[in-house]
Amino acid sequence: MRDEDDTRPTAARTAWLRMYRAGAPAVRLVCFPHAGGTASLFHGWRAGLPDHVELLAVQYPGRQERLAEPCVRTMEEMAHLVLEALQPYRDVPLALFGHSMGAAVAYQVARGLEDRGSGALCLFVSGRGAQHVVQRYNVPHLTDADILRSVQELGGPARAAYDDPVLRPVLLPPLLADYRLLNRHSVPGPVRLRTPVRAYGGDRDPVCSLDELNSWRDCTGNWSGVRLFPGGHFYLGPREAEVVRSVGTEIAAAMERPA
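Residue numbers run consecutively from 1 along every chain, following the written order of its sequence. Local features are withheld for residues below a pLDDT of 70 in this predicted model, meaning they are given only at 70 or higher, and side-chain atom pairs are given and counted only at 80 or more; totals for whole chains, interfaces and linings count all residues. Side-chain calculation: all heavy atoms of the structure are included, whereas hydrogens and water are not.

Enquirer: Talk me through the packing of aromatic side chains; I want residue IDs and the actual numbers.
Expert: Any two rings among Phe, Tyr and Trp, with Trp reduced to its six-membered ring, count as a pair given centres within 6.5 Å; such a pair is stacked if its planes are under 30 degrees apart, edge-to-face if over 60, and tilted if neither. Following the criterion strictly, the structure yields nine aromatic pairs and no others. Their ring planes at 35° and their centres at 6.2 Å tell us that Phe-97 and Phe-124 sit as a pair that is tilted. Within this pair, whereas Phe-97 is found in strand β5 (residues 94-99), its partner Phe-124 is found in strand β6 (residues 122-126), the two being separated by 27 residues in sequence. The two residues Phe-97 and Phe-124 agree in class, both being buried. Judged by centre distance (5.3 Å) and plane angle (75°), the ring pair of Tyr-200 and Phe-229 falls under edge-to-face. With Tyr-200 in strand β7 (residues 197-202) and Phe-229 in strand β8 (residues 223-229), the pair connects residues that are 29 residues apart, well separated along the chain. Helix and strand definitions here come from DSSP, where helices need a minimum of 4 consecutive H or I residues and strands a minimum of 2 consecutive E residues; each element is numbered from the N-terminal end. Throughout this description, buried means an accessible area under 20% of the type-specific maximum (1.4 Å probe, protein chains only), exposed means over 50%, and partly exposed covers the range between.

Enquirer: Describe the environment of Val-139, naming the residues involved and giving the relevant values.
Expert: Residue position: Val-139 is located in the loop between α3 (131-134) and α4 (144-154). On the accessibility criterion, Val-139 (36% relative accessible area) is partly exposed. The spacing of Val-139 and Arg-184 is 45 residues in sequence and 8.7 Å in space, taken between C-alpha atoms.

Enquirer: Describe in detail the pairing of strand β2 (residues 17-20), supporting the description with residues and values.
Expert: Going residue by residue along β2, you find Leu-17 and Met-19 tucked away on one face and Arg-18 and Tyr-20 tucked away on the opposite face as well. At least two bridges found by DSSP between two strands is the condition for calling them paired. The pairing of β2 with strand β4 (residues 53-58) spans four bridges and is antiparallel. Paired with Leu-17 across the two strands is Val-58, which belongs to β4.

Enquirer: Which residues make up the packing of α4 against helix α5 (residues 168-184), and what values go with them?
Expert: Fitted lines through C-alpha atoms give the axes, limited to the stretch in contact for helices. The angle between two N-to-C directions lies from 0 to 180 degrees. Close contact between α4 and α5 brings their axes to 10 Å; oriented N to C, the two are set at 100°. As far as their axial angle goes, α5 and α4 are roughly perpendicular. Contacts between α4 and α5 involve Asp-144, Ile-147, Leu-148, Ser-150, Val-151 and Leu-154 on the former and, on the latter, Arg-168, Leu-172, Leu-175, Leu-176, Tyr-179 and Arg-180. Residue polarity is assigned by list, with Asp, Glu, Lys and Arg as charged and Ala, Val, Leu, Ile, Met, Phe, Trp, Tyr, Cys and Pro as nonpolar; anything else, Gly included, falls into the polar class. Grouping the constituent residues of the contact of α4 with α5 by class yields eight nonpolar, one polar and three charged. Here the angle decides the label: under 35 degrees means roughly parallel, over 145 means roughly antiparallel, 65 to 115 means roughly perpendicular, and every other value means oblique. Throughout, a contact is declared for two residues whenever any of their heavy atoms are within 4.5 Å.

Enquirer: Which residues make up the side chain of Thr-195, and what values do they have?
Expert: Residue placement: Thr-195 occurs in the loop between α5 and β7. A polar atom in the side chain of Thr-195 sits 2.7 Å from the side chain of Glu-114. Setting aside chain neighbours within four positions, we find Thr-195 in contact with Glu-114, Gly-119, Ala-120, Leu-121, Cys-122, Leu-123, Thr-220 and Asn-222. What qualifies as a polar contact is a pair of N or O atoms within 3.5 Å, subject to a donor-acceptor requirement within protein and to the restriction that residues adjacent in sequence count only when both atoms come from side chains.

Enquirer: An account of the pattern of salt bridges is requested, with residue identities and associated values reported.
Expert: Should a side-chain nitrogen of Lys or Arg be within 4 Å of a carboxyl oxygen of Asp or Glu, the pair is scored as a salt bridge. Overall, the coordinates contain twelve salt bridges when judged by the stated rule. We note a salt bridge from Arg-198 to Glu-250, for which the minimum N-O separation is 2.7 Å. With Arg-198 in strand β7 and Glu-250 in helix α7 (residues 240-256), the pair connects residues that are 52 residues apart, well separated along the chain. Counted as one network, the salt bridges with shared partners bring together Arg-28, Glu-54 and Asp-91.

Enquirer: Now, about the pairing of β5: what can you tell me, with residues and values included?
Expert: For β5, a buried count of six out of six residues is recorded, marking the element as mostly surrounded by other parts of the structure. Neither face of β5 is left uncovered, since the one carrying Leu-94, Leu-96 and Gly-98 and the one carrying Ala-95, Phe-97 and His-99 both have all their residues buried. Pairing analysis gives five bridges linking β5 to β6, with the strands arranged parallel. Counted as the bridge partner of Phe-97 is Phe-124 from β6. Read as a crossover between parallel neighbours, the route from β5 over helix α2 (residues 101-115) to β6 is right-handed. Handedness of a crossover: with both strands directed away from the viewer, a clockwise path from the first strand across the helix to the second marks it as right-handed.

Enquirer: Residues and numbers for α7, please.
Expert: Expected helix span is computed as 1.5 Å times (number of residues minus one). Along its 17 residues, α7 runs 25 Å from first to last C-alpha, staying within 8% of the 24 Å computed at 1.5 Å per residue. Turning to α7, its buried residues are Val-243, Val-244, Ser-246, Val-247, Gly-248, Glu-250, Ile-251 and Ala-254. In this structure, the buried side of α7 is in contact with β3 (27-32), β4, β5, β6, β7 and β8.

Limitation: the analysis is restricted to geometry and does not speak to function.
Put into structure tokens, the structure is as follows:
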């Protein structure tokens, strides 16, 4: 089966990035999916963004066209590899959006951009609290059954596929690897970015509370607050148009701020 993105004339690919072109981009929005997720989560976003915003969706190894590649084991390695992949695209400002596990990856990438001398325009973190707060839930030895049960209870976009005897062996390994990456990730405390940070979440998310979303205020000197949307952990699907419109508005405001 061809991936849905193959039918989109504006989509291009590298190993790490699916690119949805803007005619003359003034900014690039880099999107990071959840654990077990793929770049396809964001395939519809470009149509709702302003014309000058180019979309780059991150494709982690071990899934879809990268199925044969080993999954990444540590957050530090993940961020380093994404930063290397983004290097050719830093001729215009980068905005970052990460959902769930993607929020943790996006934050690490934002740190790396600042370390390299040019921070992100803005960072959107969705469906996950800051690592110094949520790491208390880390379980060193999660079983496969624990992970699968957790995902199915959240009702994610691939929930039914994990019950399919053909798809399950393909989808399960990257999901397990991503959960274990998160459970190995531990930080001594928050590192404050210069980058503006805005947190998004679902108002009925059973695994990410409002307090956890607010914990990101400790990770930046430029806190933009929390916005909640109706829905659970995977509110992004049914609320995609609203989320994309909000992201576009926030990016436009960030571009107008004095450097």
